[in-house]
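# Summary of structural features
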Amino acid sequence: MAAFNEHGIRPVAISVDSPDISRKLAQQAGYTFPILSDPDVETIRRYDLVHAGAGENGHDIARPAEFLIDSSGTVRWVNLTENYWIRATPEKILEVGRLLK
Amino acid sequence: MTLRRLNWPLWAGFLLTIVSVITFFSFLVWIPSTRNFPWVTLLMFGAAAVLLFLGVRRAFAAEQAKPRRAKIGAVILTSVCAFFIAAFVFSFFVAARWLPASTNAPQVGQKAPEFTLADTSGKSVSLAQLLSTPVNGNAPKGVLLIFYRGYW
């Protein structure tokens, strides 16, 4: 976390969870970065990441994905994992982040 | 019951299976190197399988006149463990790959779609704000968007 901030990169987490659930997660895990709530999968749909019916009671949720966006708003790196247990490591993201101006 | 009578490899294998599953979800899942490929958990499963095999062999050994319930118990316990191990391997290596293709997701070089969403205090936050609000007192070099499944 501190390493991301040092490199000038702001992590932002997005899921269908309500702000209340996200706040509890942040408190438990000690997260200080923004956690945003997209219950109606509007943004998740705009990024084509809807995993239809995969949530509780057939609720639509996001498939895991990471995007590194530079200060001009351009996508610089994308990770669309093929297995939701497997995520990008912080080291890999920092490696890409070092290339940002 | 003495150690000679107790079928300890069987029970050790059973305990190790349970402990493997618990340690993965409570601890190892937070470490990228033991989560992205669960080698610690698979090694523990392997050791549990060896113990269970020894336990079953012991229960069925001809020279030890074991009662029938010891044999039935060994088979049931081993089946329960095999179920746990199979369920873990299936969910990790098969079910976790059932994801949408996301062929229209933003690609490298494209503009990231703008959005405005509520943060944990219910305040609206836009991508433009996230890209311009300082990090550590300096203008941010970038924003890392992390989409996740959530806890619903």
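Quick summary incoming for the structure in this document. (Residues numbered from 1 in each chain as written. Chains lettered and ligands numbered in written order. Predicted model: local features only at pLDDT ≥ 70, side-chain atom pairs only at ≥ 80, totals over all residues. Heavy atoms only, no water.)

## Description of the environment of Phe90 of chain B
Residues and elements named next belong to chain B. Among the structural elements, Phe90 can be located in helix α4 (residues 68–93). For Phe90 and Leu10, which are 80 residues apart along the polypeptide, the C-alpha to C-alpha distance reads 24 Å. Those residues in contact with Phe90, other than ones at most four positions away along the chain, are Ala95 and Trp98. (Helix = DSSP H or I, 4+ residues; strand = E, 2+ residues; numbered from the N terminus. Contact = heavy atoms within 4.5 Å.)

## Overview of the interface of chain A and chain B
In this assembly, 67 residues from chain A lie in contact with 59 residues from chain B. Taken together, the two surfaces of chain A and chain B that pack against each other cover about 5,900 Å², and 60% of this comes from carbon and sulfur. Broken down residue by residue, the surface that chain A buries against chain B is led by Arg10, Tyr47 and Trp85 of chain A, which jointly contribute 15%. Here chain A and chain B share one salt bridge between them. Measuring nitrogen to oxygen at the nearest pair gives 3.6 Å for the salt bridge that ties Arg97 of chain B to Glu82 of chain A. Linking chain A with chain B are 36 residue pairs in polar contact (both at pLDDT 80 or more), by the criterion used here. (Buried area = accessible area lost by both parts, 1.4 Å probe. Salt bridge = Lys/Arg side-chain N within 4 Å of Asp/Glu carboxyl O. Polar contact = N/O pair within 3.5 Å; in protein donor to acceptor, adjacent residues only side chain to side chain.)

## What to know about the packing of aromatic side chains
The way to describe two aromatic rings as a pair is by their centre distance and the angle between their planes. Applying the stated criterion to the full structure yields 20 aromatic pairs over all chains. The interplanar angle of 90 degrees and the centroid separation of 5.1 Å between the aromatic rings of Phe24 of chain B and Phe25 of chain B together place this pair among those described as edge-to-face. The class of Phe24 of chain B is buried, set by a relative accessible area of 0%. The partly exposed category is assigned to Phe25 of chain B, whose relative accessible area is 43%. Within the aromatic cluster, the residues linked to one another by ring pairs are Tyr84 and Trp85 of chain A together with Phe24, Phe25, Phe37, Phe45, Phe88, Phe92 and Phe93 of chain B. The positively charged end of Arg149 of chain B is found above the aromatic ring belonging to Tyr84 of chain A, 4.0 Å away from the centroid. (Phe/Tyr/Trp six-rings, centres within 6.5 Å; stacked < 30°, edge-to-face > 60°. Buried < 20%, exposed > 50% of the residue type's maximum accessible area, 1.4 Å probe, protein only. Lys NZ or Arg CZ within 6 Å of the ring centre and 35° of its normal.)

## Section: the nonpolar core
By size, the foremost hydrophobic cluster in this structure holds 26 residues, and its most contacted members are Tyr47 and Phe67 of chain A together with Leu145 of chain B. For this core, the secondary-structure elements that each account for two or more residues are β1 (9–15), β4 (61–62) and β5 (65–70) of chain A together with α5 (127–132) and β3 (142–147) of chain B. If sequence neighbours within four positions are ignored, Tyr47 of chain A has contacts with Phe67 and Ile69 of chain A together with Ala105, Pro106, Ala112, Pro113, Phe115, Leu127, Leu145 and Phe147 of chain B. Membership of the second largest hydrophobic core comes to 12 residues, among which are Trp85 of chain A together with Val21, Val29 and Phe45 of chain B. (Core = buried A, V, L, I, M, F, W, Y, C linked by side-chain atoms within 4.5 Å.)

## Here's the deal with the packing of helix α3 (residues 39–60) of chain B against α4 of chain B
All names here are of chain B. Two numbers describe how α3 lies on α4: the axes approach to 10 Å, and their chain directions differ by 160 degrees. Overall, the two elements α3 and α4 adopt an arrangement that is roughly antiparallel. At the point where α3 passes α4, the crossing takes the left-handed sense. Contacts between α3 and α4 involve Thr41, Leu42, Phe45, Leu52, Val56, Ala59 and Phe60 on the former and, on the latter, Ala70, Lys71, Ala74, Val75, Thr78, Cys81, Ile85, Phe88, Val89 and Phe93. The class makeup of the residues in the contact of α3 with α4 is 14 nonpolar, two polar and one charged. (Axes fitted to C-alpha atoms, helices over the stretch in contact; angles between N-to-C directions. Parallel < 35°, antiparallel > 145°, perpendicular 65-115°, else oblique. Left-handed = near helix turned anticlockwise from the far one by under 90°. Nonpolar A, V, L, I, M, F, W, Y, C, P; charged D, E, K, R; others polar.)

## Looking at the pairing of strand β6 (residues 75–79) of chain A
All names here are of chain A. Taken together, the four bridges between β5 and β6 define a ladder with antiparallel strand orientation. Residue Ile69 lies in a different strand from β6, and its bridge partner there is Val75. Linking β5 back to β6 in an antiparallel pair, the connection comprises four residues, with Gly73 at a positive phi of about 90 degrees. (Pairing = 2+ DSSP bridges.)

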